[in-house]
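Next come the chains, spelled out residue by residue.
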4 protein chains.
Amino acid sequence: MKVRVGKETIFEMKLIHVTIWNEFIHERTEPKVASIYPKGIHEAIASGIGPYGFRIQTATLDQPEHGLSQEVLNWTDVLIWWGHLAHEQVAEEIVDRIYARVLKGMGLVVLHSGHRSRIFQKLMGTTCDLKWRSDAERERLWVVDPSHPITEGLGEYFEVEPEEMYGEFFDIPAPDELIFISWFQGGEVFRSGCAYQRGLGKIFYFRPGDQEYPTYYNKDVLRVIANAVRWTATAHGAEPVYGNTSPLEKFNGDV
Amino acid sequence: MKVRVGKETIFEMKLIHVTIWNEFIHERTEPKVASIYPKGIHEAIASGIGPYGFRIQTATLDQPEHGLSQEVLNWTDVLIWWGHLAHEQVAEEIVDRIYARVLKGMGLVVLHSGHRSRIFQKLMGTTCDLKWRSDAERERLWVVDPSHPITEGLGEYFEVEPEEMYGEFFDIPAPDELIFISWFQGGEVFRSGCAYQRGLGKIFYFRPGDQEYPTYYNKDVLRVIANAVRWTATAHGAEPVYGNTSPLEKFNGDV
Amino acid sequence: MKVRVGKETIFEMKLIHVTIWNEFIHERTEPKVASIYPKGIHEAIASGIGPYGFRIQTATLDQPEHGLSQEVLNWTDVLIWWGHLAHEQVAEEIVDRIYARVLKGMGLVVLHSGHRSRIFQKLMGTTCDLKWRSDAERERLWVVDPSHPITEGLGEYFEVEPEEMYGEFFDIPAPDELIFISWFQGGEVFRSGCAYQRGLGKIFYFRPGDQEYPTYYNKDVLRVIANAVRWTATAHGAEPVYGNTSPLEKFNGDV
Amino acid sequence: MKVRVGKETIFEMKLIHVTIWNEFIHERTEPKVASIYPKGIHEAIASGIGPYGFRIQTATLDQPEHGLSQEVLNWTDVLIWWGHLAHEQVAEEIVDRIYARVLKGMGLVVLHSGHRSRIFQKLMGTTCDLKWRSDAERERLWVVDPSHPITEGLGEYFEVEPEEMYGEFFDIPAPDELIFISWFQGGEVFRSGCAYQRGLGKIFYFRPGDQEYPTYYNKDVLRVIANAVRWTATAHGAEPVYGNTSPLEKFNGDV
């Protein structure tokens, strides 16, 4: 749609298309998790970021092609990923399809235990392993890059409690932009908000969100996810051409 | 202003406020330059990026406070800087004022010979020296980070000709994001599009734009400047608090 | 071995163990290549960097386990990789073995067409595609990070001619440290010296070295490879522990 | 000196020349500090890193030229800096002299309250402000880049207690390499080990070391400082040439 501002300026407005993917197993097999997220984590996130003005659909592991047909991915500007128990059940073909879309510009927001998903590992080039402890402790996320759009609307820090702990060393490439660092009661720290570029695509990893805690109702967590959707959806350049190429300049006496 | 999309979604739209600063000396003392930029480089840039929908004003060296009163800077979301002959005539007080505004979130786009401006040197922490040659040669700027919003609307490369040459080593800190690399006929390369974060602010250095050539009428150059304005104007987080601070957690038996 | 300096200071000196891997096909099937590298590219490199004082062995594709048994890799401080025609013939098991060793601290120096090797792609998380042209042109590599040890002993730039051209966009993650940028006669540029960290390991990608040209007799090219061996062999920290972990601090009333 | 290894290999060994600078005021005016560091912080550091095999001298604020004549700086491979009360008493001329030496390749290790020194601010381009609290708490420094030589010989983390707290936001440019993150009892985190490149020089900022605590007797702290001396002393490339330059290639019909 087009929006006219004053007499001359016209903005082309395009709603960001978001697909929220969830493996959707804990919520259907564990009463505790079901009581927190009765419709699934994906629906909680969809409700939580809806007011920010995205066009949202969801997809889950048990759907055909895990709900991620080529058509769905082509529609998608930003894919949000939550997985934990079933990383190995995600078909390699689907992983490759997501990978190709990211390199061609689709944004990817990987949440919490998605750190060990095959798509994240494939894009990072490392194991993405870490330390963890599920002991309902307090996490305090400090902003260490307040110039980044993902920090809009947040304070200098925000807290999530209770939460699972993730601790360093987190086996990722050094982030292109490190945005949050978490403090945990048990004595650990963690690089909690990590931004990366791959091909034409932008990727954001965000730590909080264990299935056992109501983290995806936390307003700061939702704000970060919404900001991350906007940032990973920002414009990119032209698709590169690879392979054998003719010279742009004459040399060696060529005419 | 607010824009309603469909029934519920409301976007707060805010035009980006841009101040284009030019030392405005070449254009008033050299007929060749005056013939290319009769109203000054600042007006050429203002006309060129106007269609992208910014609120624009200009400022020049000879104005009181170089046209950069605190009020003007407070109004400004993004400051574009062109200077060459008179870096030393820019008052230290004004440099400090710009510096403080950048650290609090104002965007800064430094063009061409602005590499040796006091404000850019102060923000970089290096001399920002380089090699140069004014020989009307061909420059080809290659996109090396097509994921970056500053590359929107460009091809894989674009050319500017004729132009002055700038060559490596360019004494800058390694850019947070390196976006363009230039090829020159004479055999040199240059990091031509460099993005930095300082405090809450974003900075973009863009190489082309010698006063002797009509570079600021080149549509790709203008597109990059417009994209850079948008990128440096993106949201930032809360202003940090510094100094002595009370603990957020009890320890050592404190209550 | 130990070296005593003055009365008290003792240095532990350890020769760096280097394994040079080459697929070794061109040299045995193409007379032109055989005439340049009669014993293979691996032997040319071994001779060329020998004077820098490394303990060197070589390995080739046709050996059992491609010459890269676990024992060989455990012995190896730095692995140099040259491959081109046969990336797909390198067994996945061997790729995984190298990958694990890099993450535990082995250095890796990837040369030229090794950009499409499975080990490099796996560590980068991208396709590592690029433009190319085999037209015997002049390449000039400019130093853009003279603070880096890999630039020791070089001038501001050095030339390799004739060489194949590699051009941007090079589909790699933004290097942790970008050290060389190449200029080509045909009008392209390329990020020719790229340093990365993965786990405990350091990786260096170096562009020159097409099989059709005598590049591995060029003293600057050899100097870069020797410097890269030293840099990727520098010390690293302790091996991380991953998984479930106990808190280091008491909280929630725990004692 | 030269060292022969086996029959042929010769290493040129050069002891690293270290100058430890200290403002040396607290130790002469405050009994508590004097009791911890009776000969001054500089002498404690000199003793602590001596066994690592450096050639060490010290310099203090009250000496002529603050002990940092051009001759001393030319001798110096790595300058260690500790200051707190008297940043403004360091003469601008001396700051400029250090700055010039860093850009030409001298290493710089800035300790603790040196974050607000004029030389560090000038090299960073930011205020380097932070939060602080002197409450004798426990600091735990986690290694977040175990590939870096500065982490050699350390565990996954080490503790310093008691110490002053420094908390985010720390107003520095995003480090080129972030090596340590601190956890504090009071609930804060801090980027405690930050590596930068400027010109030919390497810089390392290391957080611990308040004058009120015996931090510079801690073996891990000393190990980090010794490692940082080695890293900032590693080789660099040729000194760049700046200014007007002739083309390396013919163009525009030039012969």
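> Just checking my understanding: could you explain the overall build of chain A for this structure?
Along the backbone of chain A there are seven helices and 12 strands. Radius of gyration (C-alpha) of chain A: 20 Å, near the 18 Å computed for a compact globule of 255 residues. Seen through its C-alpha atoms, chain A measures out along the principal axes to roughly 75 × 50 × 40 Å. Here chain A holds 255 residues, and the buried ones make up 66% of them. Here the analysis covers contacts within chain A between residues at least 6 apart in sequence; of these, 70% occur between residues at least 24 apart.

> I keep staring at helix α7 (residues 219-232) of chain C and nothing clicks. Help me out?
For an α-helix, the turn length of 3.6 residues means that residues three or four places apart are oriented alike. All names here are of chain C. Along its 14 residues, α7 runs 20 Å from first to last C-alpha, staying within 8% of the 20 Å computed at 1.5 Å per residue. For α7, the tally of buried residues reaches 12 of 14 residues, placing the bulk of the element in the interior. Residues of α7 that are buried include every one of Asp 220, Val 221, Leu 222, Arg 223, Val 224, Ile 225, Ala 226, Asn 227, Ala 228, Val 229, Trp 231 and Thr 232, and no others. Two or three places before Asp 220, at the opening of α7, Asn 218 has a side-chain oxygen 2.8 Å from that residue's backbone nitrogen.

> Looking at this structure, I do not really get the interface of chain A and chain D. What am I missing?
How large an interface is tends to be reported as the accessible area lost when its parts come together. Taken together, the contact pairs 20 residues of chain A with 20 residues of chain D. Between chain A and chain D lies a buried interface of about 1,600 Å² when both sides are counted; carbon and sulfur atoms form 68% of it. On the chain A side of the interface with chain D, the three residues burying the most area are Trp 142, Trp 183 and Val 189 of chain A, jointly 32% of the side's total. The tally of links between chain A and chain D comes to two salt bridges. Residue Lys 131 of chain D pairs with Glu 156 of chain A through a salt bridge whose shortest N-O separation is 2.7 Å. At the junction of chain A with chain D, the criterion picks out eight residue pairs in polar contact (both at pLDDT 80 or more). Elements supplying a minimum of two residues to the side of chain A that touches chain D: β7 (131-143), β9 (177-184) and β10 (189-198) of chain A. Here the residues of the side of chain A that touches chain D sort into 10 nonpolar, three polar and seven charged.

> Is there a simple way to explain the confidence of the model for chain A in this structure?
Detail in the predicted coordinates should be disregarded across regions flagged by low pLDDT. Predicted confidence across chain A gives a mean pLDDT of 95, with 94% of residues reaching 70 or more. Model confidence for the complex: the whole-complex pTM is 0.96, and ipTM, which rates the interface, is 0.95.

> Which parts of the structure should I look at to understand the relation of the copies chain A and chain D?
Put simply, the two copies of the chain differ by a rotation about an axis and a shift along that axis. Of the transformation superimposing chain A on chain D, the axial component is 0.0 Å and the angular component is 180 degrees, with the fit at an RMSD of 0.0 Å. Read as a symmetry element, the transformation amounts to a two-fold axis. No C-alpha of chain A approaches the rotation axis more nearly than that of Trp 183 of chain A, which lies at 3.3 Å. Interface overlap between copies is the fraction of interface residues in one copy that are interface residues in the other; for chain A against chain D it reaches 100%, indicating a shared surface.

> Is there a simple way to think about the pattern of salt bridges in this case?
A side chain with one charge may pair with a side chain of the opposite charge, provided their charged atoms come close. On inspection of all chains with the given rule, the structure shows 84 salt bridges over all chains. The residue Glu 139 of chain A makes a salt bridge to Arg 207 of chain A at a minimum N-O spacing of 2.7 Å. A residue pair is termed long-range when its members are at least 10 positions apart, and Glu 139 of chain A in strand β7 and Arg 207 of chain A in the loop between β11 (201-206) and α7 (219-232) qualify at 68 residues. The exposure classification of Glu 139 of chain A matches that of Arg 207 of chain A, with both residues buried. As a salt-bridge pair, Asp 129 of chain B and Arg 116 of chain B come within 3.3 Å of each other at their nearest N and O atoms. With Asp 129 of chain B in the loop between α6 (118-124) and β7 (131-143) and Arg 116 of chain B in the loop between β6 (107-111) and α6, the pair connects residues that are 13 residues apart, well separated along the chain. Using a relative accessible area of 16% as the deciding quantity, one classes Asp 129 of chain B as buried. A relative accessible area of 39% places Arg 116 of chain B in the partly exposed class.

> Can you help me understand the relation of the copies chain C and chain A in this one?
When chain C is fitted onto chain A, the two copies agree to an RMSD of 0.0 Å after a turn of 180 degrees and an axial shift of 0.0 Å. Interface residue correspondence from chain C to chain A reaches 100%, placing this contact among same-surface, isologous pairings.

> Could you clarify how one ought to interpret the packing of aromatic side chains in this entry?
Geometry of an aromatic ring pair is reported as the spacing of the ring centres plus the angle between the planes. The tally for this structure, following the rule as stated, stands at 46 aromatic pairs over all chains. Centre to centre, the rings of Trp 142 of chain A and Tyr 157 of chain A are 4.7 Å apart; their planes meet at 45 degrees, and the pair counts as tilted. Note that Trp 142 of chain A is positioned in strand β7 and Tyr 157 of chain A in strand β8 (residues 157-167), a separation of 15 residues in sequence. Note on Tyr 157 of chain A: relative accessible area 30%, which makes it partly exposed. On the numbers, 5.8 Å between centres and 85 degrees between planes, the contact of Phe 158 of chain B with Phe 180 of chain B is edge-to-face.

> Is there a simple way to think about the environment of Leu 141 of chain B in this case?
Residues and elements named next belong to chain B. Within the secondary structure, Leu 141 is located in strand β7. Expressed as a C-alpha distance, the spacing of Leu 141 and Ile 179, which sit 38 residues apart in the sequence, is 9.5 Å. Setting aside residues no more than four positions away along its own chain, Leu 141 makes contact with Glu 156, Tyr 157, Phe 158, Val 160, Phe 180, Ile 181, Ser 182, Ser 192, Phe 206 and Pro 208.

> I tried to follow the interface of chain C and chain A on my own but got confused; where do I start?
Facing the 42 residues of chain C at the interface are 42 residues of chain A. Here chain C packs against chain A, burying approximately 3,400 Å² in sum over the two surfaces, 53% of which is carbon and sulfur. Summed over the shared surface of chain C and chain A, the result is zero salt bridges. Contributing elements (two or more residues each) for the side of chain C that touches chain A: α5 (92-103), α6 (118-124), β7 (131-143), β10 (189-198) and β12 (243-244) of chain C. With six residues, the single largest contributor to the side of chain C that touches chain A is β7 of chain C.

> What am I meant to see in unusual backbone geometry here?
Across residues other than glycine, the phi torsion is negative in most instances, and most of the peptide bonds are trans. Backbone torsion omega between Glu 161 of chain C and Pro 162 of chain C reads 0 degrees, so that peptide bond is classified as cis. Relative to the helices and strands, Pro 162 of chain C resides in strand β8 (residues 157-167). Despite not being glycine, Phe 24 of chain A shows a phi value in the positive range, around 60 degrees. Mapping Phe 24 of chain A onto the fold places it in the loop between β3 (17-22) and α1 (26-29). We classify Phe 24 of chain A as buried; its relative accessible area is 14%.

> What is the right way to read helix α5 (residues 92-103) of chain D from this model?
Residues and elements named next belong to chain D. The first and last C-alpha atoms of α5 sit 16 Å apart over 12 residues, in line with the 16 Å expected at 1.5 Å per residue. Looking at α5, one finds that the buried residues are Ile 94, Val 95, Arg 97, Ile 98, Tyr 99, Arg 101, Val 102 and Leu 103. Elements in contact with the buried residues of α5: α4 (70-75), β5 (78-82), β6 (107-111), α6 (118-124), β10 (189-198) and β11 (201-206). Immediately downstream of α5, the backbone of Gly 105 shows phi near 120 degrees, a positive value.

> What is the right way to read the packing of helix α3 (residues 41-49) of chain D against helix α7 (residues 219-232) of chain D from this model?
To describe two helices that pack against each other, one gives the angle between their axes and the distance between the axes. Residues and elements named next belong to chain D. Where α3 contacts α7, the two axes come as close as 9 Å, and the packing angle between them is 80 degrees. By the angle between their directions, the pair α3 and α7 is classed as roughly perpendicular. Taking contact as the criterion, the partners of Ile 45, Gly 48 and Ile 49 in α3 are, on α7, Leu 222, Ile 225, Ala 226 and Val 229. Of the residues that constitute the contact of α3 with α7, the class distribution is six nonpolar, one polar and no charged.

The rules behind each value
- Residues numbered from 1 in each chain as written.
- Chains lettered and ligands numbered in written order.
- Predicted model: local features only at pLDDT ≥ 70, side-chain atom pairs only at ≥ 80, totals over all residues.
- Heavy atoms only, no water.
- Helix = DSSP H or I, 4+ residues; strand = E, 2+ residues; numbered from the N terminus.
- Rg over C-alpha atoms; globule rule 2.2 N^0.38 Å.
- Buried < 20%, exposed > 50% of the residue type's maximum accessible area, 1.4 Å probe, protein only.
- Contact = heavy atoms within 4.5 Å.
- Expected span 1.5 Å × (residues − 1).
- Polar contact = N/O pair within 3.5 Å; in protein donor to acceptor, adjacent residues only side chain to side chain.
- Buried area = accessible area lost by both parts, 1.4 Å probe.
- Salt bridge = Lys/Arg side-chain N within 4 Å of Asp/Glu carboxyl O.
- Nonpolar A, V, L, I, M, F, W, Y, C, P; charged D, E, K, R; others polar.
- pLDDT = per-residue confidence, 0-100.
- Least-squares fit on C-alpha atoms with pLDDT ≥ 70 in both.
- Phe/Tyr/Trp six-rings, centres within 6.5 Å; stacked < 30°, edge-to-face > 60°.
- Axes fitted to C-alpha atoms, helices over the stretch in contact; angles between N-to-C directions.
- Parallel < 35°, antiparallel > 145°, perpendicular 65-115°, else oblique.

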